[in-house]
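# Architecture at a glance
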Amino acid sequence: MTSFEADCSSARVQPSPNHGERADGRRPDMILLHYTGMPTADGALDWLCRAESQVSSHYFVHENGEVVQLVPETRRAGTREKAAGTARLISIRCRSASRSPMPAIRAGFLIIRKSRSLR
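The notes below deal with the structure included here. (Residues numbered from 1 in each chain as written. Predicted model: local features only at pLDDT ≥ 70, side-chain atom pairs only at ≥ 80, totals over all residues. Heavy atoms only, no water.)

A tally of helices and strands in the protein yields two helices and seven strands. Across the protein, helices and strands are ordered from the amino to the carboxyl terminus as β-β-β-α-β-β-β-β-α. Looking at the protein as a whole, 45% of its 119 residues qualify as buried. Long-range pairs, those at least 24 residues apart, make up 71% of the contacts in the protein between residues at least 6 apart in sequence. Accessible area of the protein: about 6,400 Å², with a carbon and sulfur share of 52%. (Helix = DSSP H or I, 4+ residues; strand = E, 2+ residues; numbered from the N terminus. Buried < 20%, exposed > 50% of the residue type's maximum accessible area, 1.4 Å probe, protein only. Contact = heavy atoms within 4.5 Å. Areas by Shrake-Rupley, 256 points an atom, 1.4 Å probe, with all protein chains shown as cover.)

Pasting the structure below:
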């Protein structure tokens, strides 16, 4: 997939190749908020968009609040965990120098309000 329409009106799209089908056509009903401790946001975003990493998230949030969508909400984001619950998640990853989850939490609320599939 080289392009798709953003599910959240405030997000720009940067497609990641790391995604798959949701098990049994499930719709997301959980949100996972987490941060990356990588040195830079650009480095983290680059890694999430490389096929060799085998990982991604639906959304990436920069420290300034910019939201980037990597995977359509209708797809399962790539993860190293193969747990059944991953088919039910929308994952939001943020870059936080302070390792505070607050930027992801704020962006998560914004994404939920503006997302077509999470209403």
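Glancing now at the environment of Leu-48. You can see Leu-48 is positioned in helix H1 (residues 41–48). Residues Leu-48 and Asn-18, spaced 30 residues apart in sequence, show a C-alpha to C-alpha distance of 7.8 Å. Excluding residues that lie within four positions of it along the chain, Leu-48 makes contacts with Ser-16, Asn-18, Ser-53, Val-55, Ser-56, Ser-57, Phe-60, Leu-70 and Arg-93.

Strand S7 (residues 89–95) sits mainly inside the fold: seven of its seven residues count as buried. Here S7 shows two buried faces, one formed by Leu-89, Ser-91, Arg-93 and Arg-95 and the other by Ile-90, Ile-92 and Cys-94. Here seven bridges tie strand S3 (residues 30–36) to S7, and the two strands are oriented parallel to one another. Across the sheet, residue His-34 finds its bridge partner in S7, namely Arg-93. Two elements, strand S4 (residues 59–61) and S7, share three bridges in a ladder whose sense is parallel. Counterpart to Val-61 in the pairing with S7 is Cys-94. (Pairing = 2+ DSSP bridges.)

Right, let's get into the side chain of Asp-7. On the secondary structure map, Asp-7 appears in the segment before strand S1 (11–13). Among the polar contacts listed, one links the side chain of Asp-7 to the side chain of Gln-69, at a separation of 2.7 Å. (Polar contact = N/O pair within 3.5 Å; in protein donor to acceptor, adjacent residues only side chain to side chain.)

Okay, the sheet that holds S1 next. Spatially, S1-S5-S4-S7-S3 is the arrangement adopted by the five strands of the open sheet, whose pairing is mixed. The sheet is open, and its two borders are formed by S1 and S3, each paired with just one other strand. Strand-to-strand twist in this sheet, taken as the mean axis angle between neighbours without regard to direction, amounts to 25 degrees. Sheet topology note: the S1/strand S5 (residues 67–69) ladder contains three bridges and is parallel. Each bridged residue has a counterpart across the sheet, and for Val-13 the counterpart in S5 is Gln-69. Taken strand by strand, H1 contacts S1, S3, S4, S5 and S7, and its axis lies near 170 degrees from that of S4. (Axes fitted to C-alpha atoms, helices over the stretch in contact; angles between N-to-C directions.)

Structural measurements only, silent on function.
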